[in-house]
Amino acid sequence: MPASETIALRAPLEAVMREAGALARKTAQGAFRHWTKGEDRSPVSEADIAVNDLLHRRLTTLVPDAGWLSEETEGAPDTTRALMWIVDPIDGTRALISGRADWSISAALVEDGRPLVAALYAPVSEEIFLAMR
């Protein structure tokens, strides 16, 4: 992907991350379901799924040719594409479930295994970190 296209992703990526953060905060303010998954019985919540779905819709619209790999992806992911979004919709689900503030949302676009652009957003403190290659 040309550098000019990567640079052009910065503002839309930030907007998507803030939108995802608002959704997660809203979900966490009310009663929400949570359960465990996988052999390690790691927690997952309605917020994880809602944020994952929002990020998938928005980010794959930004870069339609990119594949998708998320912590919430079920089944074997398609890792054959040169461009991939790698996402953790809620990093710190245990914290979110217990009402703590130390959770975040992360997303990165990688090309051939190398990051092009990435974002980490902590919705409770409204801190956002953006990086570009």
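Residues numbered from 1 in each chain as written. Predicted model: local features only at pLDDT ≥ 70, side-chain atom pairs only at ≥ 80, totals over all residues. Heavy atoms only, no water.

A. Layout of the overall build of the protein chain. From N to C terminus, the protein chain includes 4 helices and 7 strands. The C-alpha radius of gyration of the protein chain comes to 15 Å, within 12% of the 14 Å expected for a compact globule of 133 residues. If one aligns the C-alpha atoms of the protein chain with their principal axes, the spans along those axes are about 45 × 30 × 20 Å. For the protein chain, with 133 residues in total, the buried portion stands at 40%. Expressed as a percentage of contacts within the protein chain between residues at least 6 apart in sequence, the contacts between residues at least 24 apart total 47%. (Helix = DSSP H or I, 4+ residues; strand = E, 2+ residues; numbered from the N terminus. Rg over C-alpha atoms; globule rule 2.2 N^0.38 Å. Buried < 20%, exposed > 50% of the residue type's maximum accessible area, 1.4 Å probe, protein only. Contact = heavy atoms within 4.5 Å.)

B. A look at helix H3 (residues 46-62). Across its 17 residues, H3 extends 24 Å between first and last C-alpha, which sits within 8% of the 24 Å expected from 1.5 Å per residue. Considered for burial, the residues of H3 that qualify are Ala47, Asp48, Val51, Asn52, Leu54, Leu55 and Leu59. Contacts made by the buried residues of H3 are with helix H2 (10-29), strand E2 (42-45), strand E3 (67-70), strand E4 (83-91), helix H4 (93-97) and strand E5 (104-111). Looking at where H3 begins, the residue whose side-chain oxygen comes 3.2 Å from the main-chain nitrogen of Ala47 is Ser45. (Expected span 1.5 Å × (residues − 1). Polar contact = N/O pair within 3.5 Å; in protein donor to acceptor, adjacent residues only side chain to side chain.)

C. Representation of the sheet that holds strand E7 (residues 127-132) within the structure. If you trace the 5 strands from one edge of the open sheet to the other, you get E3-E4-E5-E6-E7, paired in mixed fashion. Two strands bound the open sheet, and with one partner strand each, they are E3 and E7. Pairwise comparison of adjacent strand axes, ignoring direction, gives a mean angle of 15° for this sheet. Sheet topology note: the E3/E4 ladder contains 4 bridges and is parallel. Residue pairing across strands places Leu69 opposite Ile86, the latter belonging to E4. (Pairing = 2+ DSSP bridges. Axes fitted to C-alpha atoms, helices over the stretch in contact; angles between N-to-C directions.)

D. Structural context of the nonpolar core. Within the largest apolar cluster, 29 residues are counted, with the highest numbers of intra-cluster contacts made by Met17, Leu55, Leu59, Trp85, Ile105 and Leu109. When residues of this core are traced back to their parent elements, those giving at least two are H2, H3, E4, H4, E5 and strand E6 (114-122). With residues near it in sequence (within four places) discarded, Leu59 still touches Leu13, Val16, Trp68, Trp85, Val87 and Ala107. (Core = buried A, V, L, I, M, F, W, Y, C linked by side-chain atoms within 4.5 Å.)

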